[in-house]
Amino acid sequence: MMLDYIIRATGANEQVRVFISYNKATVQKAREIHDTSPVASAALGRTLVVGSLMSAMLKNDSDLITIQIKGDGSIGGIVVVADNKSNVKGYVYNPDISLPLNSDGKLDVGGAIGNGFLTVIKDLGLKNPYVGQTELVSGEIAEDFTYYFTTSEQTPSAVALGVLIDTDTSVKHAGGFIVQVMPECEEGVISKLEQNIAKITSITRLFEDEKTPLDILELIFDDISYNICETRETKFECSCSRERVEKALISIGKDELIDILETDKQAELNCHFCNKKYMFNEDDINKVISNN
Ligand SMILES: [Zn+2]
């Protein structure tokens with residue numbers, strides 16, 4: 001099976017930067033872990049794709065990016081975390097929702113998310129993380145990120161995110177791109193880029209036509225010179241551990257833990273991101289209580 005990957009490129013003497021990815025295995029793994037319905041697979045999948053793309057913007061080893069989408073639709077919310085090595089993980093609040101197709105005959109991601117906010121938290125090793133928040137434009141996620149980059153990060157961007165769900169509800173294709181223009185970018189380059197991107201009506205259609213991220217990069221940079229800076233692997237990977245989950249147990253509070261001891265005599269905690277179960281028996285809980 002082909003591994004998921006991201007290509008990072010610059011064009012027109014670094015006046016333009018592009019991140020483009022293929023993420024089928026990542027989104028399929030998320031679908032299997034969370035048993036998502038088709039519309040939830042598409043919503044979570046698009047958010048995993050943009051998280052994967054944004055991970056390639058991180059510079060330091062410990063840098064971390066968290067995306068939170070919270071709306072009034074039936075999916076409730078989506079959380080995606082990506083690190084500097086392009087490991088991504090995520091979950092949706094309500095994975096089993098189903099909605100009628102939208103007026104275009106497509107999975108109604110915008111309807112599932114509804115009205116609300118997109119928050120991006122970048123932990124870049126500074127004292128305080130960078131937090132950017134914008135209102136959701138359509139809940140279709142790509143449009144919401146286009147608006148986020150342009151307003152919150154003051155970087156005019158074009159974002160395309162695509163997840164194609166097969167008739168058996170597995171993930172057939174997933175991937176996307178972010179195109180960003182630097183502040184000093186020439187008008188001629190911008191208008192040529194806009195023409196090129198306008199021709200790309202659907203990224204999943206291109207994947208269906210067996211186009212690779214490199215082929216799509218050539219479409220974006222048609223008539224514009226460009227360089228590939230890097231090709232890197234990206235995957236769904238959770239970094240949870242018993243120690244981290246134990247911290248969550250501590251945060252429940254002593255009284256509550258004593259209550260658990262008296263009633264259930266054990267606690268089972270699940271990682272939200274990968275669904276891994278962590279069991280704490282009577283001795284474990286006693287140890288947590290006495291050590292804190
Ligand atoms: Zn986990």
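Residues numbered from 1 in each chain as written. Predicted model: local features only at pLDDT ≥ 70, side-chain atom pairs only at ≥ 80, totals over all residues.

Some words on the overall build of the protein
Selection criterion: Secondary structure follows DSSP: runs of H or I at least 4 residues long count as helices, runs of E at least 2 residues long count as strands, and numbering of each begins at the N terminus. The quantity called the radius of gyration is restricted to C-alpha atoms. Its globule counterpart is 2.2 Å times the number of residues to the power 0.38. We call two residues in contact when the distance between their C-beta atoms, placed using the backbone, is within 7 Å.
Looking only at helices and strands, the protein has 10 helices and 13 strands in total. By the compact-globule yardstick of 19 Å for 292 residues, the protein fits well, its C-alpha radius of gyration being 21 Å. By principal-axis analysis of the C-alpha atoms, the protein measures approximately 70 × 45 × 35 Å. Of all intrachain contacts in the protein linking residues separated by at least 6 positions in sequence, the fraction that spans at least 24 positions is 65%.

Digging into the domain arrangement of the protein
Short version of the rule: The source of the domain bounds is an automatic or database domain assignment. Note that Gly is not counted as nonpolar here; it falls among the polar residues with everything else outside the nonpolar set of Ala, Val, Leu, Ile, Met, Phe, Trp, Tyr, Cys and Pro and the charged set of Asp, Glu, Lys and Arg.
Taken domain by domain, the protein holds domain 1 (5–236) and domain 2 (242–291). If you average the C-alpha positions of domain 1 and of domain 2, the two centres end up 36 Å apart. With 4 residues of domain 1 in contact, the opposing surface of domain 2 contributes 4 residues. With 3 residues, strand β5 (residues 87–92) is the largest single contributor of residues to the side of domain 1 that touches domain 2. Among the residues forming the side of domain 1 that touches domain 2, the class breakdown is 2 nonpolar, 1 polar and 1 charged.

Observations concerning the pairing of strand β7 (residues 130–135)
Inclusion rule: Any two strands with at least two DSSP bridges between them are considered paired.
Taken together, the 6 bridges between strand β6 (residues 116–123) and β7 define a ladder with antiparallel strand orientation. Bridge pairing links K122 to Y130 in β7. Between β6 and β7, which pair antiparallel in sequence order, lie 6 residues; one of them, G125, sits at a positive phi of approximately 80°.

Thoughts on the sheet that holds β6
The strands that make up a sheet are held in pairs by hydrogen bonds between backbone atoms, and each pair lies either parallel or antiparallel. Spatial strand order, β7-β6-β3-β4-β5-β11: 6 strands in an open sheet with mixed pairing. Of all the strands in the sheet, the pair left with one neighbour each is β7 and β11 (235–236). Alignment of strand β3 (residues 64–71) against strand β4 (residues 77–83), held across 7 bridges, turns out to be antiparallel. Residue pairing for β4: L64 is matched across the bridge by D83.

Looking at unusual backbone geometry
If you check the backbone angles, A12 has positive phi at about 50° while not being a glycine. Within the fold, A12 resides in the loop between β1 (5–11) and β2 (16–22). If you check the backbone angles, I141 has positive phi at about 80° while not being a glycine. You can see I141 is positioned in the loop between β7 and α4 (142–151).

What to know about the nonpolar core
Taken as a class, soluble globular proteins show a tendency for nonpolar side chains to be buried jointly. This is how the line gets drawn: For the purposes of this analysis, a nonpolar core is taken to be any set of buried Ala, Val, Leu, Ile, Met, Phe, Trp, Tyr and Cys residues that are connected through C-beta atoms within 7 Å. Counting other C-beta atoms within 10 Å of its own, a residue is labelled buried from 20 upward, exposed at 12 or fewer, and partly exposed in the gap between, with every C-beta atom placed from the backbone.
Core analysis: the biggest nonpolar cluster contains 66 residues, and A43, V50 and F177 have the highest contact counts within it. Ranked by residues supplied to this core, first place goes to helix α2 (residues 38–55) with 10 residues. For F177, the residues in contact, after removing those within four places along its chain, are V18, F19, I20, A160, I216 and I220.

Observations concerning the packing of helix α1 (residues 24–34) against α2
Packed helices, taken two at a time, are described by the angle between their axes plus the distance between the axes. This is how the line gets drawn: Axis angles are defined between N-to-C directions and span 0 to 180 degrees, where every axis is a line fitted to C-alpha atoms and, for a helix, only to the segment in contact. Any angle between 65 and 115 degrees counts as roughly perpendicular, while under 35 counts as roughly parallel, over 145 as roughly antiparallel, and the rest as oblique. Left-handed describes a crossing in which the near helix is turned anticlockwise from the far one by less than a right angle; the clockwise case is right-handed.
At their nearest, the axes of α1 and α2 sit 9 Å apart, and the two run at 135° to each other. Taken together, the axis directions place α1 and α2 in an arrangement best described as oblique. Crossing angle aside, the handedness with which α1 passes α2 is right-handed. For the pair formed by α1 and α2, the contact residues are T26, V27, A30 and R31 on the first element and S41, L44, G45, L48 and S52 on the second. Class assignment of the residues belonging to the contact of α1 with α2 gives a composition of 4 nonpolar, 4 polar and 1 charged.

Section: the sheet that holds β2
Spatial strand order, β8-β9-β2-β1-β10: 5 strands in an open sheet with antiparallel pairing. Each of the sheet's edge strands pairs with one partner strand only, and the pair in question is β8 (157–165) and β10 (226–233). In this sheet, neighbouring strand axes are inclined to one another by 10° on average, regardless of whether the strands run parallel or antiparallel. Alignment of β1 against β10, held across 7 bridges, turns out to be antiparallel. By the bridge assignment, R8 is partnered in β10 with E230. Across the sheet, α2 lies against β1, β2, β8 and β9 (171–181), angled at about 140° from β8, the strand it touches most.

Quick look at α1
With respect to burial, α1 is a largely interior element, 8 of its 11 residues being buried. Of all the positions in α1, only K24, T26, V27, Q28, K29, A30, R31 and H34 are classed as buried. Buried-residue contacts for α1 involve β2, α2, β5, β8, β9 and β11. Backbone geometry just after α1 places D35 at a positive phi near 50°.

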